[in-house]
Amino acid sequence: MSLGVPGARYTMNSKGRKTFTTGIPGTGIYNVETISHSRRTSYGEHSVEADEYTEPMPKPTLISSKSEKVFYKLIEDLFINQNLKQTMEIIDRIKSIRESFPELKLPLELLAFIYAVQNDDYDEKASIWISKIWPNRDQLFKDPIVEKYFGFIMPKTQITQGISSDEPFNAQALGYIYAEVLQTEKKYKQALEVLHEINPDQITAISIADVELIMGDFDAAIETTEDIENEDDATAMLLVLRGIAFREKGLYEASLECFKRSLKQKDRKEELLHRALFERSETYIRMNRRAMARKDLEKILVDEPNYPEVREKLKSITSSVN
């Protein structure tokens, strides 16, 4: 997620790395300082460039309530002055403010959740908070404080390897995060329920298909991804997931056709193309076409030497040939 003003932006990425970016808006000139690194890891990373800067963050006015001014001071300390960096310190500050200003309950719980979900030590609390926040999401996102300040927070949630959501913090973004939290707890049916409660779009379909694949419901995943053409990154990923579903049903030629279509447009995001090559290599392995599998894996290594599991697969192919 990121929040900032012209020339300065604070970012916490999907790996939990915190950075502070400064630059000259519109020039492409910028500097990125790494502040800290968490223990949580995931594939993929997000960088913030100068041309991503938005309008200045709003501020309380002279007639704003005391509670809004206190909330703004918290936001300022978190994202601009960076006086608060440790999760425990942030949670304690939020708790203290909530005791004095109960009218800030919903915005503060949402802010606490944002930080808790990034820290392994707070996984359980994050899950409890989001379960309480989610049923009240309509009320939450109509809250004047949330409407005024949370539009500057951009949660970047990895939906599946190769695709992330990237939109202002709203009920849709919260739903993606909640579904991912439930998946980490292996509560797949609940995750699907959440995804079916939010607005249906391409990212939602990707998340649903991904969960269906994890659950082994390959027919459902095929149904979710039907009538898809490779028109953008999202539809290309839907074709990849469709290919996986066909493969797991033993329909290898159908699987290969899906991967072929997903790879047809070479201007798709590199991480997505690598995912398609990796999954196609697995289909080739199951068809005992190991030379073709090796070719796909080596294509990935040219661009991404540290791509997860590629070297292990190459070793297993070599060992089986020997």
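Cut-offs used in this document
- Residues numbered from 1 in each chain as written.
- Predicted model: local features only at pLDDT ≥ 70, side-chain atom pairs only at ≥ 80, totals over all residues.
- Heavy atoms only, no water.
- Salt bridge = Lys/Arg side-chain N within 4 Å of Asp/Glu carboxyl O.
- Helix = DSSP H or I, 4+ residues; strand = E, 2+ residues; numbered from the N terminus.
- Buried < 20%, exposed > 50% of the residue type's maximum accessible area, 1.4 Å probe, protein only.
- Pairing = 2+ DSSP bridges.
- Core = buried A, V, L, I, M, F, W, Y, C linked by side-chain atoms within 4.5 Å.
- Contact = heavy atoms within 4.5 Å.
- Axes fitted to C-alpha atoms, helices over the stretch in contact; angles between N-to-C directions.
- Parallel < 35°, antiparallel > 145°, perpendicular 65-115°, else oblique.
- Nonpolar A, V, L, I, M, F, W, Y, C, P; charged D, E, K, R; others polar.
- Expected span 1.5 Å × (residues − 1).
- pLDDT = per-residue confidence, 0-100.

Asker: How should I be thinking about the pattern of salt bridges in this particular structure?
Answerer: A side chain with one charge can pair with a side chain of the opposite charge if their charged atoms come near. Under the defined criterion, the tally for this structure stands at 17 salt bridges. The shortest N-O distance in the salt bridge between Glu197 and Arg137 comes to 3.1 Å. Note that Glu197 is positioned in helix α8 (residues 188–197) and Arg137 in helix α5 (residues 137–140), a separation of 60 residues in sequence. A relative accessible area of 15% places Arg137 in the buried class. Among the salt bridges present, the one from Glu282 reaches Arg286, with a minimum N-O distance of 3.0 Å. With Glu282 and Arg286 both in helix α13 (residues 270–286) and four residues apart, the pair spans about one turn of that helix. Each of Arg247, Glu248, Arg275, Glu279, Glu282, Arg286 and Lys313 takes part in a single network of salt bridges with overlapping partners.

Asker: I would appreciate a short explanation of the pairing of strand β6 (residues 163–166) in the present structure.
Answerer: Each regular strand carries side chains that alternate between the two faces of the sheet. Covered by surrounding structure in β6 are Ile163 and Ser165 only, the residues Ser164 and Asp166 on the alternate face being uncovered. One ladder, built from four bridges, connects strand β5 (residues 156–160) with β6; its direction is antiparallel. Bridge pairing in β6 links Thr157 to Ser165. Taking the residues that link successive antiparallel strands as the turn, the β5-β6 hairpin has two residues, and the phi of Gly162 there is positive, at about 115°.

Asker: In this structure, what is going on with the nonpolar core? I would like to understand it.
Answerer: Nonpolar side chains in soluble globular proteins tend to be buried together. Within the largest apolar cluster, 92 residues are counted, with the highest numbers of intra-cluster contacts made by Phe71, Leu111, Phe113, Phe150, Phe169, Leu174 and Ile206. At ten residues, the largest contribution of residues to this core is made by helix α11 (residues 233–248). Every residue in contact with Phe169, bar those within four places of it in the chain, is listed here: Leu110, Ile114, Phe141, Phe150, Ile153, Pro155, Leu174 and Ile177.

Asker: How should I be thinking about the packing of helix α1 (residues 66–80) against helix α2 (residues 87–100) in this particular structure?
Answerer: Pairs of packed helices are described in terms of their axes, by the angle between the two and the distance that separates them. Relative to each other, α1 and α2 sit at 175°, their axes nearing to 11 Å. With respect to α2, the axis of α1 lies roughly antiparallel. Judged by residue contacts, Val70, Lys73, Leu74, Asp77 and Leu78 of α1 engage Ile90, Arg93, Ile94 and Ile97 from α2. For the contact of α1 with α2, the per-class residue count stands at six nonpolar, no polar and three charged.

Asker: What exactly am I supposed to notice about α1 here?
Answerer: Every α-helix carries 3.6 residues per turn, so stepping three or four residues along brings you back to the same face. For α1, with 15 residues, the first-to-last C-alpha span of 20 Å sits near the 21 Å given by 1.5 Å per residue. Every buried residue belonging to α1 is among Ser67, Glu68, Phe71, Tyr72, Leu74, Ile75, Asp77, Leu78 and Phe79, and all of these are buried.

Asker: Would you take a moment to explain the confidence of the model for the protein chain for this structure?
Answerer: The predicted coordinates ought not to be read in detail in places where the model reports low pLDDT. When pLDDT is averaged across the protein chain, the result is 82; 80% of the residues are at 70 or more. Throughout residues 34–54 the model reports pLDDT below 50, and contacts reaching past four residues in sequence, or to other chains, amount to 69 contacts.

Asker: What is the right way to look at the environment of Pro308 in this model?
Answerer: Within the element layout of this structure, Pro308 appears in the loop between α14 (290–303) and α15 (310–321). Along the chain, Pro308 and Phe278 lie 30 residues apart, while their C-alpha atoms are 9.7 Å from each other.

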